[in-house]
Amino acid sequence: MEKRNKIRLIWEQYLTKEIGIKFKACLYFFCILFFYSVYQLAGGSLEANIIHMAEMILLTYGMGYVQVYLLSNFDEGEQLQGKTVWYMALCAGIYTGASFLGKWFDRNVPVTVGFALYMILVYLCAFLVYKSKRKIDEKHLNEDLKAFQERGKHHETGD
């Protein structure tokens, strides 16, 4: 029975990480696609290049794995410290480099620089959203614990 519980725990941890990676991929893909769409619209085009979108989604999935397994899942970190800022800049740089190589913005340097700054802002926003979610979850867990303890007291006293 012990081995079965251990296997289930490993499976649950793996599944939790995988769901987090998929969520990150969707979040960052949406943000990148939004910037790309605004660029296309500003240039007078109502069309998006499907190859560019495929590159974007594949890159966001790959970066999700890198963030979770190699970069300490930094965007879900507790504090915005040097290492976290460095990882944000690194990932924004990777996305920016891919955008330039893939000609997402036609190698337009000012737009590419704007995209780099935008990606840093996206990472900062994601960091703040994850931090806020943790605080909300913590508050709810503490409220649930308090309610559970109160029920236990009432049960013991027979109330």
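Figured I'd write up the structure that's included with this text. Please read these numbers as outputs of a predicted model, since none were measured by experiment.

### Quick look at the overall build of the protein
(1) Moving on: Secondary structure summary: the protein contains four helices and zero strands in total.
(2) Moving on: For a compact globule of 159 residues, the expected C-alpha radius of gyration is about 15 Å, and the protein comes in at 21 Å, more than 25% above that figure.
(3) Moving on: On the principal axes, the C-alpha backbone points of the protein span a range of 75 × 35 × 35 Å.
(4) Moving on: Counting across all 159 residues of the protein, residues that qualify as buried make up 29%.
(5) Moving on: The contacts in the protein between residues at least 6 apart in sequence include a share of 73% that link residues at least 24 apart.

### Describing the nonpolar core
(1) Moving on: In terms of nonpolar packing, the biggest core is built from 28 residues, with Y95, W104, F105, F115, M119 and Y123 touching the most fellow members.
(2) Moving on: Going through the elements one at a time, α1 (2–42), α2 (50–70), α3 (82–101) and α4 (109–157) are the ones with two or more residues in this core.
(3) Moving on: With nine residues, the single largest contributor to this core is α4.

### So, unusual backbone geometry
When glycine is set aside, most residues are seen to have a negative phi, and most peptide bonds are trans.
(1) Moving on: Positive phi, normally seen in glycine, also occurs at S72, with a value near 60°.
(2) Moving on: Mapped onto the elements, S72 comes out in the loop between α2 and α3.
(3) Moving on: Look at N73: it is not a glycine, yet its phi comes out positive at around 50°.
(4) Moving on: Here N73 lies in the loop between α2 and α3.

### Structural notes on the packing of α2 against α3
(1) Moving on: The contact between α2 and α3 brings their axes to 12 Å, and the two run at 160°. Taken together, the axis directions place α2 and α3 in an arrangement best described as roughly antiparallel. Regarding α2 and α3, the two cross each other, and that crossing is right-handed. Where α2 approaches α3, its residues L59, T60, M63 and Q67 are matched on the opposing element by C91, I94, Y95 and A98.

### Regarding the pattern of salt bridges
(1) Moving on: The full count for this structure, using the stated rule, is six salt bridges.
(2) Moving on: Here R134 makes a salt bridge to E78, at a shortest N to O gap of 3.2 Å. Here R134 is found in helix α4, whereas its partner E78 is found in the loop between α2 and α3, with 56 residues between them in sequence.
(3) Moving on: The partly exposed category is assigned to R134, whose relative accessible area is 23%.
(4) Moving on: Among the salt bridges present, the one from K133 reaches D137, with a minimum N-O distance of 2.7 Å.

Definitions and cut-offs
- Residues numbered from 1 in each chain as written.
- Predicted model: local features only at pLDDT ≥ 70, side-chain atom pairs only at ≥ 80, totals over all residues.
- Heavy atoms only, no water.
- Helix = DSSP H or I, 4+ residues; strand = E, 2+ residues; numbered from the N terminus.
- Rg over C-alpha atoms; globule rule 2.2 N^0.38 Å.
- Buried < 20%, exposed > 50% of the residue type's maximum accessible area, 1.4 Å probe, protein only.
- Contact = heavy atoms within 4.5 Å.
- Core = buried A, V, L, I, M, F, W, Y, C linked by side-chain atoms within 4.5 Å.
- Axes fitted to C-alpha atoms, helices over the stretch in contact; angles between N-to-C directions.
- Parallel < 35°, antiparallel > 145°, perpendicular 65-115°, else oblique.
- Left-handed = near helix turned anticlockwise from the far one by under 90°.
- Salt bridge = Lys/Arg side-chain N within 4 Å of Asp/Glu carboxyl O.

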